[in-house]
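Summary of the model geometry
Chain residues, written in single-letter form:
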Amino acid sequence: LPHGDPMTLFGHDASISTVAFSPGGTLVLTASEDGTLQSWKLETGKRLKKWKGHGGFVNSVVFSPNGERVLTASDDNTAKVWSATNFTELATL
């Protein structure tokens, strides 16, 4: 963020339940009670992608240490692994 200024990200239809910063600090992911995930470019606040991959409220999101994968968990009793480059689903656990 330029000069540490606060930024507000809009786009979810319900409360944001969790956020995760990419290891390189360039992206932020938000997960919501509306069941969606959104990726944002941190420098500009521009939304890169919004998607729904769970059947319930998404309550956890984390990047892998190398930043190549994202893991999400939901009230639908699933965890999912996603590509951090194009956010396609790689596995359901």
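A brief report on the enclosed structure follows. These numbers were taken from a predicted model, which means no experiment stands behind them. (Residues numbered from 1 in each chain as written. Predicted model: local features only at pLDDT ≥ 70, side-chain atom pairs only at ≥ 80, totals over all residues. Heavy atoms only, no water.)

From N to C terminus, the protein includes 0 helices and 8 strands. Walking the protein from its N terminus toward its C terminus, one meets helices and strands in the order β-β-β-β-β-β-β-β. In the protein, which comprises 93 residues, the share counted as buried stands at 41%. By sequence separation, contacts in the protein at least 24 residues apart represent 29% of the contacts at least 6 residues apart. (Helix = DSSP H or I, 4+ residues; strand = E, 2+ residues; numbered from the N terminus. Buried < 20%, exposed > 50% of the residue type's maximum accessible area, 1.4 Å probe, protein only. Contact = heavy atoms within 4.5 Å.)

Applying the stated criterion across every chain, the model contains 1 salt bridge. Lys80 is the partner of Glu89 in a salt bridge, and the nearest nitrogen-oxygen pair spans 3.3 Å. Taking the relative accessible area as the measure of exposure, Glu89 reaches 38% and is therefore partly exposed. (Salt bridge = Lys/Arg side-chain N within 4 Å of Asp/Glu carboxyl O.)

So, about the packing of aromatic side chains. This structure, assessed with the given rule, holds 2 aromatic pairs. Here Trp51 and Trp82 contribute two aromatic rings whose centre-to-centre distance is 5.7 Å and whose plane-to-plane angle is 70 degrees, an arrangement assigned as edge-to-face. With a gap of 31 residues between them, Trp51 in strand β4 (residues 46–52) and Trp82 in strand β7 (residues 79–83) connect regions that are remote in the sequence. Exposure class is identical for Trp51 and Trp82. Each is buried. An aromatic cluster of at least three residues, connected via ring pairs, comprises Trp51, Trp82 and Phe87. (Phe/Tyr/Trp six-rings, centres within 6.5 Å; stacked < 30°, edge-to-face > 60°.)

We now examine the nonpolar core. Formed by 13 residues in total, the largest nonpolar core has its most connected members in Leu29, Leu37, Trp51, Val61, Phe63, Val70 and Phe87. At the level of secondary structure, the elements contributing two or more residues to this core comprise β2 (27–32) and β5 (58–63). Apart from residues lying up to four places away in sequence, Leu29 is in contact with Thr18, Val19, Ala20, Gln38, Ser39, Trp51, Val61, Phe63, Val70 and Phe87. (Core = buried A, V, L, I, M, F, W, Y, C linked by side-chain atoms within 4.5 Å.)

Moving on, we get to the sheet that holds strand β3 (residues 36–41). Pairing within the open sheet is antiparallel, and its 4 strands lie in the order β1-β2-β3-β4. For this open sheet the edge positions go to β1 (16–21) and β4, each flanked by a neighbour on one side alone. For this sheet, the mean inter-axis angle between neighbouring strands, taken without regard to orientation, is 20 degrees. Two elements, β2 and β3, share 5 bridges in a ladder whose sense is antiparallel. Along β3, the bridge assignment pairs Leu29 with Ser39. (Pairing = 2+ DSSP bridges. Axes fitted to C-alpha atoms, helices over the stretch in contact; angles between N-to-C directions.)

We now examine a nonpolar patch on the surface. Nonpolar side chains collect at one region of the surface, where Ile16, Val19 and Phe21 lie side by side and expose about 280 Å² of accessible area between them. Relative to the assigned elements, Phe21 resides in strand β1. (Patch = residues over 30% accessible without salt bridge, like charges linked within 9 Å, V, L, I, M, F, W, Y side chains within 5 Å. Areas by Shrake-Rupley, 256 points an atom, 1.4 Å probe, with all protein chains shown as cover.)

Scope: geometric values only; no functional claims are made or implied.
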